[in-house]
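Structural overview for review
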Amino acid sequence: MKIILSDFDAKRIEQLNVTMQNNAAIFEVMADYINNNEQFITQQMLQPFVTEYDMPSQTAYSMLLASACGLEIAEKESHKILYENYFVPAVKLLNPQKYLNNPYLKTITFPEIEQNSWKISKIKFQPCEAFVYNQPLQTSDFREIPQIGFFENEVSFPAVFQNNREWMSLKPNEIETMEQPIENANGNILVYGLGLGYFAFMASQKNSVKKLTIIEKDSEIIKLFENQLFNQFPNKNKIDIICADAIEYAQKEAAILKPDYVFADIWHDVGDGLSIYLKLRTLEKNIPNATFDYWIEKSMLSNLRAKVFFQMYNIFKNNNPKSQEYEIIIKDYNSFINKISDENLKNIKINFK
């Protein structure tokens, strides 16, 4: 049995494929830039655009970033379109005071110390250094745009390192991506992951928050936190820390707490977090009356959306209307839209190859 779609639906699926391919390509080139060339753009490179052409530094930066990522916007119309659709809305000149005036950073003093394999120190952003400052911007036409920030001057933020590898920090990305979960927090709260205690600090300041129970499996980071940071928390009486594995706790003990709200942050990024995120989603049923939030969930869903779409598109191109392995039935364009919606992706049960 072959897939028979209207010409209109087939055309829309092909257009959606172009968008998803562009998303993947832009993410790849920007990730390569940030991982390998994040300090390529300098103030000296920006200055001629700003002074000679009266160009805003953010605009100049987006042009230089596009060029560094291989786009020839002055010569190729297709590259100009990608620049306007992705690089212009991606780049933002950030004000460091927005972050340095954060209540946590203004209250907590961070000693530079080492404890076994752990170290508290600082992470510095050089002038014009590129970094991801928030989750992807999602548009109505399914574009997913990385959010790239830079500062005009050097700015430092506290960080914890394990074996000289950044384990947790309080950079703009962490502050921006926890803003909504902190706003949602209320009542009796269960938190998976301690980190620097930022979420607990901010949530504990709310009158609507009565109690926070933090589950952290690493006893060394608990000791480091309790010895160096916890005593500075003005509402530490609201906070309990339990040394346990988050998944095991969610399976066996979480329901005993009867939390009103659950927040999970036990991954470094999408790469190591996606499978854990999906596992925790399946365990929500153990606490049916709680509200759940997951750190960088939009990024998780963005990653899933691409995986699901490209599998569906392959089914479509191979004229196989039903994939027994993935239980994806393609009837029309809406089949694609429904399957890549956030609501469906949050409960997906696909085992990706």
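The notes below deal with the structure included here. (Residues numbered from 1 in each chain as written. Predicted model: local features only at pLDDT ≥ 70, side-chain atom pairs only at ≥ 80, totals over all residues. Heavy atoms only, no water.)

Moving on, we come to the packing of aromatic side chains. Across all of its chains, the model carries 26 aromatic pairs by this definition. Between the aromatic rings of F199 and F263, the centroid separation amounts to 4.4 Å while the plane-to-plane angle is 25°, which identifies the pairing as stacked. Linking F199 in helix 9 (residues 198-204) with F263 in strand 11 (residues 261-264), this pair joins segments that are 64 residues apart in sequence. Through pairs of rings, three or more aromatic residues link up here, namely Y104, F110, Y198, F201, F225, F230 and F233. The side chain of K119 reaches across the aromatic face of F161, ending 5.6 Å from its centre. (Phe/Tyr/Trp six-rings, centres within 6.5 Å; stacked < 30°, edge-to-face > 60°. Helix = DSSP H or I, 4+ residues; strand = E, 2+ residues; numbered from the N terminus. Lys NZ or Arg CZ within 6 Å of the ring centre and 35° of its normal.)

Okay, the pairing of strand 5 (residues 144-150) next. For strand 5, the buried fraction is high: 7 of the 7 residues fall into the buried class. Across the two faces of strand 5 the burial is the same, with E144, P146, I148 and F150 and I145, Q147 and G149 all buried. With 3 bridges connecting them, strand 1 (residues 91-93) and strand 5 associate as parallel partners. For L93, the partnering residue across the bridge sits in strand 5 and is F150. Relative to strand 5, strand 4 (residues 131-138) runs antiparallel, the two being bridged by 5 bridges. Of the residues in strand 5, the one forming a bridge with N134 is Q147. (Buried < 20%, exposed > 50% of the residue type's maximum accessible area, 1.4 Å probe, protein only. Pairing = 2+ DSSP bridges.)

Let us now look at the side chain of S169. Mapped onto the secondary structure, S169 falls in strand 7 (residues 165-169). By relative accessible area, which is 1% here, S169 ends up buried. A distance of 2.9 Å separates polar atoms of two side chains, one belonging to S169 and the other to E166. Here S169 is in contact with P158, A159, E174 and L196, once residues within four sequence places are set aside. (Polar contact = N/O pair within 3.5 Å; in protein donor to acceptor, adjacent residues only side chain to side chain. Contact = heavy atoms within 4.5 Å.)

Y104, I189, Y192, F199, L212, W267 and L280 are the most contacted members of the largest nonpolar core, which has 89 residues in total. A total of 8 residues in this core trace back to one element, the largest contributor, which is helix 14 (residues 297-317). Apart from the residues within four sequence positions on either side, F199 is in contact with M178, P181, I182, A185, I189, V191, L212, Y261 and F263. Judged by nonpolar contacts, the second largest core, of 25 residues, contains Y33, Y61, F87 and C128. (Core = buried A, V, L, I, M, F, W, Y, C linked by side-chain atoms within 4.5 Å.)

Right, let's talk about the environment of M63 for a bit. You can see M63 is positioned in helix 3 (residues 57-68). Overall, M63 belongs to the partly exposed group, its relative accessible area being 26%. In sequence terms M63 and V88 are 25 residues apart; their C-alpha atoms lie 8.1 Å from each other.

On to the sheet that holds strand 2 (residues 113-115). Taking strand neighbours across the sheet as the criterion, the 4 strands line up as 2-3-6-7 in an open arrangement whose pairing is antiparallel. The open sheet has two edge strands with one neighbour each: strand 2 and strand 7. For this sheet the average axis-to-axis angle between neighbouring strands, irrespective of direction, equals 45°. Relative to strand 7, strand 6 (residues 155-162) is paired through 4 bridges, and the arrangement is antiparallel. (Axes fitted to C-alpha atoms, helices over the stretch in contact; angles between N-to-C directions.)

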